[in-house]
Amino acid sequence: MKGLPIRLRLTLAFAVAVGVVLAATGLFVYLQQESALDRTVNQGLRARAADVTALAQQADSGLREGRGAAADSSGFAQVLTSAGRVVDATPGLPPRPLLQAHELAHLGSQGRFISYTLSRERVRLLAVRVHAQDSNRVVVVGTSLEPRLTALDDLRTELLIGGPIALILVSLGGYLLAAAALRPVDQMGEQAATISAANPGQRLRLPPADDELARLGRRLNDMLARLEAALERERGFVANASHELRTPLALLKTELELTLDEPASIDAYRAALRSAHDEADRLSQLAEDLLLIAQADAQTMPIRRSTITVADMLSAVAARYQRRAADTGRTITVDAPADLTLLADRFRLEQALANLIDNSLRYGSGPIRLAAAEDPQQVEIEVSDEGPGFPPEFLHRAFERFSRPDQARSRDGVGLGLAIVTAIMAAHSGSATASNRVGGGASVTLTLFRPHGADHRLSGVPSIPAMPSVASVTDNSSAISNL
Amino acid sequence: MKVLVVEDELKMASLLLRGFRNNGHAADIARTGEDASWMAAAAEYDVIVLDVMLPGRDGFATCTALREAGVWTPVLMLTARGSVEDRVRGLDVGADDYLVKPFSFAELLARVRALVRRGDRPRPAVLNVGALRLDPATRQVWRDTSEIELTAKEFALLEAFMRRPGQVLTRDQLLEQAWDIGYDNRSNVIAVYVNYLREKIDRPFGTRSLETVRGAGYRLRERE
C-alpha cells in the first residue's frame, strides 16, 4: 500500500468504501424486496383462504369444478375434516391431504403458514380452522413460490452484475478525479525543478482557487523569496567585497608596473615600496575584516569569555588612541565604575571599541568619551563625541556592510567598521545602537546582557590588573567556539 | 595626446598622471564629475579616463552629461565595478570602452590609443532625427514624448534610416542593414516594411518624414 502512488491509494480507498456502500445497499434492497414479495404471497393466501372458507360454508364447496377465486392458475385449495380426510380439493392436487395429522393438531384460529415442497415445486400453504356445516373443517390454500423465487433470483443477478459495473465506473471516475486533483502538484513540481540560483526570481504558478495547494504554493513561494533575498545579500556582499579588494590591488599593481617601467632612483623605489606596503596593509586588514564578517554570518566567530574589568579595558583602548587624538587636539576620557566587571571576549570588545574610536577620530570632533553603566540585567558602554554626529539619512543604515555616508569610494574606510561592531556584539548576544546626541555629537551604545543570577561585581576590590588578551584572529585552529 | 583623468582617489589619480606623463602624454586631473564636465568643455582632450565611483555625480551620470553637452571625446571608464551590469550600463550611457581595476597600464595605454584613432565624431548612444528618438540599448522609439511600439524588423529598418538621416538609402542598402545575407532581394519586402513603418511613425502624427525617392530608394528627412 505504502509503495503505491497516492492517486492509486486514494482510488483504492475510495473503491473499498464505495464497494461496502454498494454491497450494503444491494443487500438491503434484496431483503426489502424479499419481504415485500413474502407479504404479497401471504396476503394472497389469506384472501384465498377467506374465499375458500366462504365456499366451504355451503353444502357443495365446488372446488373441484374450479369455482370461485380459489382456482387461479398458480393457486390451489383443499378442505379437510379436522381428522384429516379430504372433503374437497381443487383439481390437479394429489388425493391425499396436504397436511399431516400432527400439523392439523397445532392450528390456531388465525391459521398457519407452512412452506412445503409439492412435486418438486416450492409452495406455501395457509391452513385455517373453520366451522362449517356443523362440523370443524380445515381449509388449506396454497400457492406456488416459484414466481417469487424467480423474481428474487432476477434481482440478485441484476445486483451482482450491476453492482460491480457501478463500482468499476465509480472507481475509474475516482481515479481520474484524483489524477486531476493532483495535476497541479505535478505542475508545481515541474516548475520547482527549473528554479535554481541562476533564476532565483522565478516563482511557482499558483492554482486559482484558494485551497490547500494554493496555500502550499504560497508558502513555497515565500520560502523562495526568503532564499532569493539571502542570495541577493550574499551576492551583494561578494560584489562589494571584490570591489573593495580591487582598489588596493589596482594601486599596488599600477605602482609596481610604473616603477618597473621607468628608470628610477633608490628614493623612487623606496617610495614605491612604501606605497605598495601601505596597500598590502590595507589588503590584509580588509581580508581580516571580511573573514570576521564571514565568521559572524556562519556563527563561528570564536568568543573566548573571561572576566573583564570594564574601566581597565576602556583605559587600555583609550591609551592606544591618545596620541592620535592629541595630534588633532582632541582628548579621550574614560568614565566607568571601578568595580564594574563583565564576562566577555576582551580582544573582540576592544576591537569593537577601537573601531568606534577610530570612526570618531575620522569623522567626529571634540572630546571622545568612553562611559560604562550597568543595571542588574545589562552593561552599557557608550562611545560618544561632540562632533556633527551621523548624517540623519545614514543613521538607519549605519551598521550595514559597506555602507558609508558618501557612497563614493573614500580612502577613509570601506564601511565595514560598524558592521564588525554589530557582528562582535551579536556574537556576544548583545546589541549595538547608533544615535545622535541631543546637544550634538555621535553616540554608539554597546549593550551586553548579564547571565541571570550572575554577579560579576568584585566587592571591595577597586581594580584588578588588566588581563592579557588571549584570543587572536589568526588563532582559529585552537579556538573554542562558545556559540 | 592629452588625457583628462577623472578620479577622486588621490593616489590612483597621481599614479595615472605619472603613467601618462612617463609615456609622453599630457594629463589633467578632475576630482569630481562636475569638474570633468566643465574641463572637458573648456579644453580639447583626446580621451577622458573616467572613474565610476565619484563623490556627488557618479561616472555614469557624468558620461551622460558630457554627451548631452555635445562633448564627443572618447570616454574610457576605469573602475573597480566589474559586474556585467555595470559594464553594460557604462557602455550604454555613451562610454566607448570599459576597463576594470586592477588593470595593466600597458593595456590602458593601448586602449586609449585605439580610442583616439576612432576620433571624436558624434556617436550618440540615443539617436535623434527631427522629433524621432531611438534608443538601441532599450529598443525604444519615441516621436516627441509618445512612445511607438515597433517589431524587431521595423526597429532595425528605422535604426538604419536614423543612422543616415537625410541620405537616400537604396533597397539593397536597407536589405543589408536589416535582413540576412541571401535574402531574395527581388521581393518587395522593403516597400512593405517601409509602409508598416510609415503607419506607425508618420500617419498617426500627420507627418511625412519617411519619403520615397523615385527610382533611388527611401530617405528619412532631417526636418519635417
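Residues numbered from 1 in each chain as written. Chains lettered and ligands numbered in written order. Predicted model: local features only at pLDDT ≥ 70, side-chain atom pairs only at ≥ 80, totals over all residues.

## Focus: the overall build of chain B
Alright, step 1. Helix and strand counts for chain B stand at eight helices and 12 strands.
Alright, step 2. For chain B, the proportion of its 224 residues judged to be buried stands at 32%. (Helix = DSSP H or I, 4+ residues; strand = E, 2+ residues; numbered from the N terminus. Buried ≥ 20, exposed ≤ 12 C-beta atoms within 10 Å, placed from the backbone.)

## Looking at the sheet that holds strand 4 (residues 75-79) of chain B
Residue and element names in this part refer to chain B.
Alright, step 1. Spatially, the five strands line up as an open sheet ordered 2-1-3-4-5, and their pairing is parallel. Edge positions in the sheet fall to strand 2 (26-30) and strand 5 (97-100), since each has one partner strand and no second. Going from strand to strand, the sheet's axes swing by 20° on average, the running direction of each strand aside.
Alright, step 2. Bridge count between strand 3 (residues 47-50) and strand 4: three bridges; the pairing is parallel. Bridge pairing in strand 4 links L50 to M77.
Alright, step 3. Contacting strand 1 (2-6), strand 2 and strand 3, helix 2 (residues 33-42) crosses the sheet at an angle of about 160° to strand 1.
Alright, step 4. Contacts from helix 3 (residues 59-68) reach strand 1, strand 3 and strand 4 within the one sheet, and its direction differs from that of strand 4 by about 175°. (Pairing = 2+ DSSP bridges. Axes fitted to C-alpha atoms, helices over the stretch in contact; angles between N-to-C directions. Contact = placed C-beta atoms within 7 Å.)

## Here's the deal with the confidence of the model for chain A
Alright, step 1. The predicted model of chain A has a mean per-residue pLDDT of 83, with 88% of residues at 70 or higher.
Alright, step 2. Every residue in residues 456-483 of chain A scores below 50 in pLDDT, and together they form 45 contacts with partners more than four places removed in sequence or on other chains. (pLDDT = per-residue confidence, 0-100.)

## Describing the sheet that holds strand 3 (residues 112-118) of chain A
Hydrogen bonds along the backbone pair up the strands of a sheet, which may run parallel or antiparallel.
Residue and element names in this part refer to chain A.
Alright, step 1. Taken in spatial order, the five strands of this open sheet run 2-1-5-4-3, and their pairing is antiparallel. Where the open sheet ends on each side, the last strands, each with one partner, are strand 2 (86-89) and strand 3. Sheet twist, expressed as the mean angle between neighbouring strand axes with direction ignored, is 25°.
Alright, step 2. Relative to strand 5 (residues 135-144), strand 4 (residues 121-132) runs antiparallel, the two sharing 10 bridges. Bridging across to strand 5, R124 finds its partner in T143.

## What to know about the packing of helix 2 of chain B against helix 3 of chain B
Residues and elements named next belong to chain B.
Alright, step 1. Between helix 2 and helix 3, whose axes approach to 9 Å, the crossing angle comes to 25°. As judged from the angle between their axes, helix 2 and helix 3 are roughly parallel. In the packing of helix 2 onto helix 3, the handedness of the crossing is right-handed. Each of G33, A36, S37 and A40 in helix 2 lies in contact with helix 3, whose residues at this interface are G59, A61, T62, A65 and L66.
Alright, step 2. Per-class residue counts for the contact of helix 2 with helix 3 are five nonpolar, four polar and no charged. (Parallel < 35°, antiparallel > 145°, perpendicular 65-115°, else oblique. Left-handed = near helix turned anticlockwise from the far one by under 90°. Nonpolar A, V, L, I, M, F, W, Y, C, P; charged D, E, K, R; others polar.)

## What about the environment of B:Q177?
Residues and elements named next belong to chain B.
Alright, step 1. Along the chain, Q177 turns up in helix 7 (residues 171-178).
Alright, step 2. For the pair formed by Q177 and L157, sequence separation is 20 residues and the distance between their alpha carbons is 7.2 Å.
Alright, step 3. Those residues in contact with Q177 that lie beyond four places of it in its chain are A156 and A160.

## Overview of the nonpolar core
Alright, step 1. One finds A:V310, A:A352, A:I420, A:V421 and A:A423 to be the most contacted residues of the largest nonpolar core, which totals 44 residues.
Alright, step 2. Here the element with the most residues in this core is helix 9 (residues 417-427) of chain A; it accounts for eight residues.
Alright, step 3. Inspection of this core shows a minimum of three residues originating in each of domain 2 (212-297) and domain 3 (306-449) of chain A.
Alright, step 4. When residues no more than four places from it in sequence are discounted, the contact partners of A:V310 are A:A336, A:L340, A:T341, A:L342, A:A372, A:V379 and A:I381.
Alright, step 5. Residues B:A40, B:L66, B:L78 and B:V112 belong to the second largest nonpolar core, which totals 35 residues. (Core = buried A, V, L, I, M, F, W, Y, C linked by C-beta atoms within 7 Å. Domains from an automatic or database assignment.)

## A few points about the environment of A:L286
All names here are of chain A.
Alright, step 1. Summarising the element assignment, L286 is placed in helix 5 (residues 266-297).
Alright, step 2. By C-beta crowding, L286 is classed as partly exposed, having 18 other C-beta atoms within 10 Å.
Alright, step 3. On a C-alpha basis, the gap between L286 and A241 in space is 8.7 Å, while along the polypeptide they are 45 residues apart.
Alright, step 4. For L286, the residues in contact, after removing those within four places along its chain, are E244, L245 and V414.

## Observations concerning unusual backbone geometry
Alright, step 1. Cis peptide bonds are those with omega within 30 degrees of zero, and the linkage from B:K101 to B:P102 qualifies with -5°.
Alright, step 2. In this structure, B:P102 sits in the loop between strand 5 and helix 5 (105-118).
Alright, step 3. Of note, A:Q299 is a non-glycine position whose phi angle comes to about 55°, a positive value.
Alright, step 4. Residue A:Q299 is classed as exposed on the basis of its 10 C-beta neighbours within 10 Å.

## Side note on the interface of chain A and chain B
Alright, step 1. If you look at the interface, chain A gives 18 residues, while chain B gives 19 residues.
Alright, step 2. Across the side of chain A that touches chain B, the residue classes break down as six nonpolar, three polar and nine charged.

## Re the pairing of strand 11 (residues 431-436) of chain A
A regular strand places its side chains so that they alternate between the two faces of the sheet.
Residues and elements named next belong to chain A.
Alright, step 1. Pairing of strand 11 with strand 12 (residues 442-449) involves six bridges; the strand directions are antiparallel. Looking at the pairing, S431 lines up with T447 of strand 12.
Alright, step 2. Between the end of strand 11 and the start of strand 12, which pair antiparallel, lie five residues, with G440 showing a positive phi angle near 105°.

## Thoughts on the confidence of the model for chain B
All names here are of chain B.
Alright, step 1. Here chain B averages 89 in pLDDT, and 96% of its residues register 70 or above.
Alright, step 2. Between the elements of chain B, mean pLDDT differs from a low of 82, seen in helix 7, to a high of 95, seen in strand 3.
Alright, step 3. The ipTM value of the predicted complex is 0.70, and its pTM value is 0.59.

## Remarks on the environment of B:R133
Residue and element names in this part refer to chain B.
Alright, step 1. Positionally, R133 belongs in strand 7 (residues 132-135).
Alright, step 2. A residue is classified by how many C-beta atoms lie within 10 Å of it, and R133, with 19 of them, is partly exposed.
Alright, step 3. Separated by 10 residues in the primary sequence, R133 and R143 place their C-alpha atoms 6.3 Å from one another.
Alright, step 4. Sequence-distant contacts of R133, defined by excluding residues within four places in its chain, comprise V126, N128 and W142.

## Quick word on the packing of helix 6 (residues 152-163) of chain B against helix 7 of chain B
Residue and element names in this part refer to chain B.
Alright, step 1. Where helix 6 meets helix 7, the axes come as close as 9 Å, and the angle between the chain directions of the two elements is 125°. Relative to helix 7, the element helix 6 lies oblique. Between helix 6 and helix 7 lies a crossing whose hand is right-handed. Counting all contacts with helix 6, which are made through K153, A156, L157 and A160, the residues of helix 7 involved are L174, Q177 and A178.
Alright, step 2. Residues of the contact of helix 6 with helix 7, tallied by class, amount to five nonpolar, one polar and one charged.

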